[in-house]
Amino acid sequence: METVDLILHSASQLCVVPGGDMPQRGTALGDLGIIEDGALAVHNGRIIATGTTGEITSQYTATRFINGNGRCVIPGFVDPHTHLPWAGDRAEEFEQRIAGATYMEIMAAGGGIMSTVRRTRQATIEELVAANLPRLRRMLAYGTTSAETKTGYGLNTEAELKQLETIMALNQVQPVELTPTFLPAHAVPAEYAGQTEAYVEKVITEMLPAGAAWMKKNGITLFCDVFCEEGVFDLHQTRRILETAVSLGYRLKLHADEFAGLGGTKLAVELGAVSADHLVKTPDTDILALGEGNTIAVSLPGTPFGLGHHEYTPAQKILTAGGALALATDCNPGTCWCESMQMVIALACRYLRLTPAQALVAATRNAACAIGRGHEIGSLEPGKQADILILDVPDYRHLGYRFGTNLVKTVIKKGHVVIEQSETL
Ligand code: NIG
Ligand code: FE
């Protein structure tokens, strides 16, 4: 009998979330591949086999056994859109919005993203690491084992590179694996107010090349992202930035259709972006484009919720068109300070009308594909990294159904237990 590092057995439901390295597209979304009384064998941080408890324990023995004890086991959540790292908070803007100010009005008056930029520029890498570690710890405790994180609060070359270095440093000191995105075109910084074209020129001729040099030095391929929005970067400016990024070796993401449908989603598909994110005001023609291309639609329902808006991603239309849908938190200090993919699932079930099974796939497999890591994470298939959650519930449908409390009991990252909630609260 083969001896492995770990056998996790007696799960009421082992949700494999099958599909190799591809997203579950369109109305095929929601295949959990449930194995009842399930078990899996882990060796060297990877899953080597899944099956029933009887099947696995008759083929393998292990140095460590974990008894699932009738609990549901799922892949670690992948959060494919966050804005870590940042400094400070914007609690006062939350109050202003409750009093009636809009997000874009606050931004136009010099607050919003620019307020976080001022705080982030002042902080050292050490201060940024210290401020963002507790956020990552909460993400992990709520089941996120991998996440995308962005720059975009530097908005000059030096501060943008400082954010990249912070992401690298955070990757070294805690278990949540971070995939970095370069977002110098997140806003027009105050020193370029009224000169958007000049800032776009700087992004293209100075900042993107600096990020490309950073990629070369670190052996990492970055995503490049742009906030394509009315009053921020228009479609033409977005195209110029993204086309330059492609020529410099970046992969693409795009903030599109958050407040206005400018055609960003269609552009993202045309340029072969890995994902197009937000997608609230997405025009029907752009939805059809999602069905025909490989760009993943990343919905961030925490953001309209965080802003007190009532319009969400037209998820059903995207699925009917055959698009691939993923979920993310958008965790950021302005629109949505939420570290919990469980909360996002709860919102998606209600406002996107996803079933818990669809939301779970969108938060794992499809989310992994949205950061180009579908071959490694997001499912419990043999060969994948052993990023596993044991939920303190017997049935996956408690995800979405219950909200505001943490249903994750145990978090396993690369085969190691990194969180163990000792008592049921
Ligand atoms: O995705 N839309 C642009 N960026 C963020 C908000 C960032 C901020 O307000 O600090 C978002 O919602
Ligand atoms: Fe965002």
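Source: prediction; values computed, not measured.

Each assigned domain of the protein is listed with its residue range as follows: domain 1 (2-75 + 377-420) and domain 2 (78-369). Facing 42 residues of domain 1, the contacting portion of domain 2 comprises 36 residues. The contact between domain 1 and domain 2 buries some 3,000 Å² in all, and 63% of this surface belongs to carbon and sulfur atoms. For domain 1, the biggest contributors to the area lost against domain 2 are R25, L29 and L399; these three give 21% of the whole. At the surface where domain 1 touches domain 2, the tally comes to three salt bridges.

To continue, consider the site of ligand 1. Taken together, 16 residues lie around ligand 1, and R90, Y103, Y153, E258 and H278 are the ones closest in. Within the contact set of ligand 1, an oxygen atom lies 2.7 Å away from a side-chain nitrogen or oxygen of R90. The side chain of T335 places a nitrogen or oxygen atom 2.9 Å from an oxygen atom of ligand 1. Protein burial of ligand 1: of its 330 Å² of free accessible surface, 100% is covered by the chains.

The strand order across the open sheet built from eight strands is β6-β7-β8-β9-β10-β11-β12-β13, with neighbouring strands paired in parallel fashion. Two strands close off the open sheet at either side, each with one partner strand: β6 (77-79) and β13 (325-327). Averaged over all pairs of adjacent strands, the angle between their axes in this sheet comes to 25 degrees, without regard to strand direction. Bridge count between strand β10 (residues 251-256) and strand β11 (residues 275-278): four bridges; the pairing is parallel. Of the residues in β11, the one forming a bridge with H255 is D277. Relative to the sheet, helix α7 (residues 196-218) contacts β8 (177-185) and β9 (223-226), its axis offset from that of β8 by approximately 150 degrees.

Look at helix α6 (residues 157-173) against α7: their axes get within 10 Å of each other, and the N-to-C directions meet at 30 degrees. One finds that α6 runs roughly parallel with respect to α7. For α6 against α7, the interelement crossing comes out right-handed. In this structure, α6 contributes T157, E160, L161, L164, E165 and M168 to the contact, and α7 contributes E206, M207, A210, W214, K217 and N218. Looking at side-chain class alone, the contact of α6 with α7 contains six nonpolar, two polar and four charged residues.

Let's shift gears to the coordination of the iron ion (ligand 2). Protein-derived ligands of the iron ion (ligand 2) are H81 (NE2), H83 (NE2), H255 (NE2) and D330 (OD), with the metal-ligand distances lying across 2.1 to 2.3 Å. Donor residues binding the iron ion (ligand 2) come from one chain and are separated in sequence as H-x1-H-x171-H-x74-D. Of the two residues, H255 is situated in strand β10 and D330 in the loop between β13 and α13 (341-351); the sequence distance between them amounts to 75 residues.

Reading guide: rules and limits
- Residues numbered from 1 in each chain as written.
- Chains lettered and ligands numbered in written order.
- Predicted model: local features only at pLDDT ≥ 70, side-chain atom pairs only at ≥ 80, totals over all residues.
- Heavy atoms only, no water.
- Domains from an automatic or database assignment.
- Contact = heavy atoms within 4.5 Å.
- Buried area = accessible area lost by both parts, 1.4 Å probe.
- Salt bridge = Lys/Arg side-chain N within 4 Å of Asp/Glu carboxyl O.
- Near = heavy atom within 4 Å.
- Polar contact = N/O pair within 3.5 Å; in protein donor to acceptor, adjacent residues only side chain to side chain.
- Areas by Shrake-Rupley, 256 points an atom, 1.4 Å probe, with all protein chains shown as cover.
- Pairing = 2+ DSSP bridges.
- Helix = DSSP H or I, 4+ residues; strand = E, 2+ residues; numbered from the N terminus.
- Axes fitted to C-alpha atoms, helices over the stretch in contact; angles between N-to-C directions.
- Parallel < 35°, antiparallel > 145°, perpendicular 65-115°, else oblique.
- Left-handed = near helix turned anticlockwise from the far one by under 90°.
- Nonpolar A, V, L, I, M, F, W, Y, C, P; charged D, E, K, R; others polar.
- Donors = N, O, S within 2.8 Å, 3.2 Å for Na, K, Ca; no water.

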